[in-house]
Amino acid sequence: MIKSIILNGRKIEYNLEYKKVKNINLRIKQDGSVHVSASKRTPVYVIEAFIELKAHLILKAVDNCKTAPPTAHFTEEELKAFVLACCERVYPYYEAKAIEKPQIKFRRMVSKWGCCNTLKKTITFSTLLKYAPKECVEYVIWHEFTHLIVPNHSKAFYLELQKVCPNWKECRKIMKSINIREGT
Ligand SMILES: [Zn+2]
């Protein structure tokens, strides 16, 4: 039967087969499909814990075989509207620190999700953020705005980011797992 599991924030499907086997067996086929066999008596949580242990291996294999583009969480228009609304919501925190309001831009950037030009006072977001879940888009916004206070990725930067976006570590992990290579 086809089942699914969340590994590093990604939904991975696997084919579970109950067999007369002693151990749980995992096989990743050349096409990236994941096959698990276990005895009928093995509880699902044990099977899932086993799969989670192999998450790194599975995600690597799945990525290597990936042909389908990632799922979009927004259309490009929806993404822009969401980002602009978030920026409005986020800015007062920086305004209170006498930081000038940055100009928000969008561009299709493949190698980064956002960039902050502290001299020109512009923040550019990648339109490919449409492939990221909402909370991760918010994380990218906090990340770029934090650069208005600390331009680099020093410890001070992360301390500042932690104040406004406590789940930044999880979000960063999810963002790293998104494959933004598009079909077209
Ligand atoms: Zn940064």
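Residues numbered from 1 in each chain as written. Predicted model: local features only at pLDDT ≥ 70, side-chain atom pairs only at ≥ 80, totals over all residues.

Participant: How do you make sense of helix α4 (residues 134-146) when you look at a structure like this?
Facilitator: Residues that lie three or four places apart on an α-helix share one face, since the helix turns once every 3.6 residues. The first and last C-alpha atoms of α4 sit 18 Å apart over 13 residues, in line with the 18 Å expected at 1.5 Å per residue. The element α4 is extensively covered by neighbouring structure, given that 11 of its 13 residues are classed as buried. As for α4, its buried residues are in contact with α3 (76-95), β6 (114-117), β7 (122-126), α5 (155-164) and α6 (168-177). (Helix = DSSP H or I, 4+ residues; strand = E, 2+ residues; numbered from the N terminus. Expected span 1.5 Å × (residues − 1). Buried ≥ 20, exposed ≤ 12 C-beta atoms within 10 Å, placed from the backbone. Contact = placed C-beta atoms within 7 Å.)

Participant: I would appreciate a short explanation of the sheet that holds strand β3 (residues 25-28) in the present structure.
Facilitator: Adjacent strands of a sheet form backbone hydrogen bonds with each other and so pair up, either parallel or antiparallel. Taken in spatial order, the 4 strands make up an open sheet running β1-β2-β4-β3, and their pairing is mixed. Each edge of the sheet is formed by a strand with only one pairing partner; in this case those strands are β1 (2-7) and β3. This sheet shows a mean twist of 35° between the axes of neighbouring strands, independent of strand direction. The sheet contact formed by β1 and strand β2 (residues 10-18) spans 6 bridges and is antiparallel. From the neighbouring strand, Ile6 faces β2, where its bridge partner is Lys11. (Pairing = 2+ DSSP bridges. Axes fitted to C-alpha atoms, helices over the stretch in contact; angles between N-to-C directions.)

Participant: Mind showing me how you'd approach the packing of α4 against α6 here?
Facilitator: A pair of packed helices is characterised by two quantities: the angle between their axes and the separation of those axes. Between α4 and α6, whose axes approach to 9 Å, the crossing angle comes to 110°. Here α4 is positioned roughly perpendicular relative to α6, judged by the angle of their axes. Of the residues in α6, those touching α4 at Glu135, Cys136 and Tyr139 are Trp168, Cys171, Ile174 and Met175. Looking at the contact of α4 with α6 residue by residue, the classes come out as 6 nonpolar, no polar and 1 charged. (Parallel < 35°, antiparallel > 145°, perpendicular 65-115°, else oblique. Nonpolar A, V, L, I, M, F, W, Y, C, P; charged D, E, K, R; others polar.)

Participant: Got a minute to help me understand the domain arrangement of the chain in this structure?
Facilitator: Many descriptions give the size of an interface as the accessible area lost when the pieces come together. For the chain, the assigned domains read domain 1 (2-65) and domain 2 (76-177). Taking only C-alpha atoms, the centre of domain 1 and the centre of domain 2 are 35 Å apart. (Domains from an automatic or database assignment.)

Participant: How do you make sense of the environment of Thr118 when you look at a structure like this?
Facilitator: Summarising the element assignment, Thr118 is placed in the loop between β6 and β7. Of the residues examined, Thr118 has 14 C-beta atoms within 10 Å and is grouped as partly exposed. Taking C-alpha positions, Thr118 is 14 Å from Lys105, a pair spaced 13 residues apart along the chain. Here Thr118 is in contact with His147, Leu148 and Pro151, once residues within four sequence places are set aside.

Participant: When you look at unusual backbone geometry in this model, what are you seeing that I'm missing?
Facilitator: Even without a glycine there, the phi angle at Asn8 is positive, about 50°. Within the secondary structure, Asn8 sits in the loop between β1 and β2. Look at Lys121: it is not a glycine, yet its phi comes out positive at around 60°. Among the structural elements, Lys121 can be located in the loop between β6 and β7. The exposure class assigned to Lys121 is partly exposed, which follows from the 13 C-beta atoms found within 10 Å.

Participant: In this structure, what is going on with the sheet that holds β7? I would like to understand it.
Facilitator: Overall, mixed pairing links the 3 strands, which are arranged β5-β7-β6 in an open sheet. Edge positions in the sheet fall to β5 (103-107) and β6, since each of these pairs with one other strand and no more. Going across the sheet, the axis of each strand differs from the next one's by a mean of 20°, ignoring polarity. Sheet analysis places β5 next to β7, joined by 5 bridges and oriented parallel. Within the sheet, the bridge partner assigned to Lys105 lies in β7 and is Thr124. Strand contacts of α4: β6 and β7, with the helix running at about 20° to β6, the strand carrying the most contacts.

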